[in-house]
Amino acid sequence: MDLHRLRCFIKIVEEGSVSKAAEALNMTQPPLSIMMGKLEKELKVALFDRSGRRLTLTRDGEFLYSRGKELIASTEKMVKELVEHNGGIRGTVTAGCITSANLFIIPDAVKRLRDEAPNIVMRVKEGNSSFVLNELRNHRVDIGIVRTIFEAEDLHISTLMTEPLLLALPPGHPLLEKPLISIADLRDEKFILPTSSHGSGIAEEIMEACNNSGFSPDVIYWGTEVFPMLLMVMKGVGISFVPQNFSQFNWAGLPNLVPLAEPTLETKLSLVTLQNHYQPSIVERFLDITRDVAKGLQFQT
């Protein structure tokens, strides 16, 4: 089968029309239509139902689209493997991650990867969980690191590390005088919580713990970035929670971070990749390094 014709067929399906596909392929519509006619003649099947105003696939067309995507992916995998064998370990690794992963994991992982393979270029896209997963599903990043808990059939999700949540209190707060602080002690506090953009995260765990202690938290602010929320705590706006690794920052402008005695609240970072998707050897190596870096951080907590 002519792979060029197959790619053009797939483009028509994904663009929704011959004209849009032709524009995306930098060609005019008539040659593309002729090409599809030749493909149908070659395969001896009708790929499109042309009876209506809109272009729709026949059952044979749906079958070819599904299997054609697999064939193109397999061909691209073969080419990537050939290039790797021919050129050695070189290329680009692209990661999508939330802020905390970019602060505590990515720098050490990149350093170790570069020490092993100086010709590697690293690209990092930082954003919330929804952004990271969207980039992953659209093949714009190789791996994702997120904090939310979710399930998805098209993704492989594994726990990268687990760390306790610390309570962030403003200077001079009365609870700082207590040797042990429980979630029940926060009944009358104003809460500053992070928004979960996908699945469940820190906020959901905190709210569940509060409900189990007999009260609903008074949430006055929903945020997306940790440091602005910590600055708000520092100004006495309310209290918040952060993963324990943030205690590494001994900055004068940050609030007191203290553990909760009861219940113990934890948060997880998850490593996410596409299910059944080929990864170049250098990406696999970066995944191994990332897991090792996270293991060391977890040991320190």
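Asks: If you had to explain unusual backbone geometry to someone new, which residues and values would you point to?
Replies: Going from E262 to P263, the amide bond is cis rather than trans, its omega being -5°. Of note in the backbone geometry, N26 takes a positive phi value of approximately 60° without being a glycine. One can find N26 in the loop between α2 (18-24) and α3 (29-43). Even without a glycine there, the phi angle at K44 is positive, about 60°. Within the element layout of this structure, K44 appears in the loop between α3 and β1 (48-49).

Asks: How would you sum up the nonpolar core? Please name residues and give values.
Replies: In this structure, V93, I105, L113, I145 and F286 are the most contacted members of the largest nonpolar core, which totals 38 residues. Take this core: its biggest share by element is 8 residues, from helix α10 (residues 281-300). Discounting chain neighbours no more than four positions away, the residues touching I145 are G96, C97, I98, A101, I106, V132, L160, L269, S270, L271 and T290. Of all hydrophobic cores here, the second largest spans 20 residues; its members include L165, F191, I202 and L260.

Asks: Give me the layout of surface pockets: which residues, what numbers.
Replies: Roughly 460 Å³ of volume is contained in the second largest pocket. Elements represented by at least two residues in the lining of the second largest pocket include exactly α5 (99-104), α9 (226-234) and β9 (240-243). The element contributing the most residues to the lining of the second largest pocket is β9, with 3 residues.

Cut-offs applied
- Residues numbered from 1 in each chain as written.
- Predicted model: local features only at pLDDT ≥ 70, side-chain atom pairs only at ≥ 80, totals over all residues.
- Heavy atoms only, no water.
- Helix = DSSP H or I, 4+ residues; strand = E, 2+ residues; numbered from the N terminus.
- Core = buried A, V, L, I, M, F, W, Y, C linked by side-chain atoms within 4.5 Å.
- Buried < 20%, exposed > 50% of the residue type's maximum accessible area, 1.4 Å probe, protein only.
- Contact = heavy atoms within 4.5 Å.
- 1 Å grid on protein atoms, 1.4 Å probe; cavity = no way out; pocket = protein on both sides within 12 Å on 5 of 7 lines; lining within 4 Å.
- Points joined across faces, edges and corners; volume = space filled by probe spheres on them.

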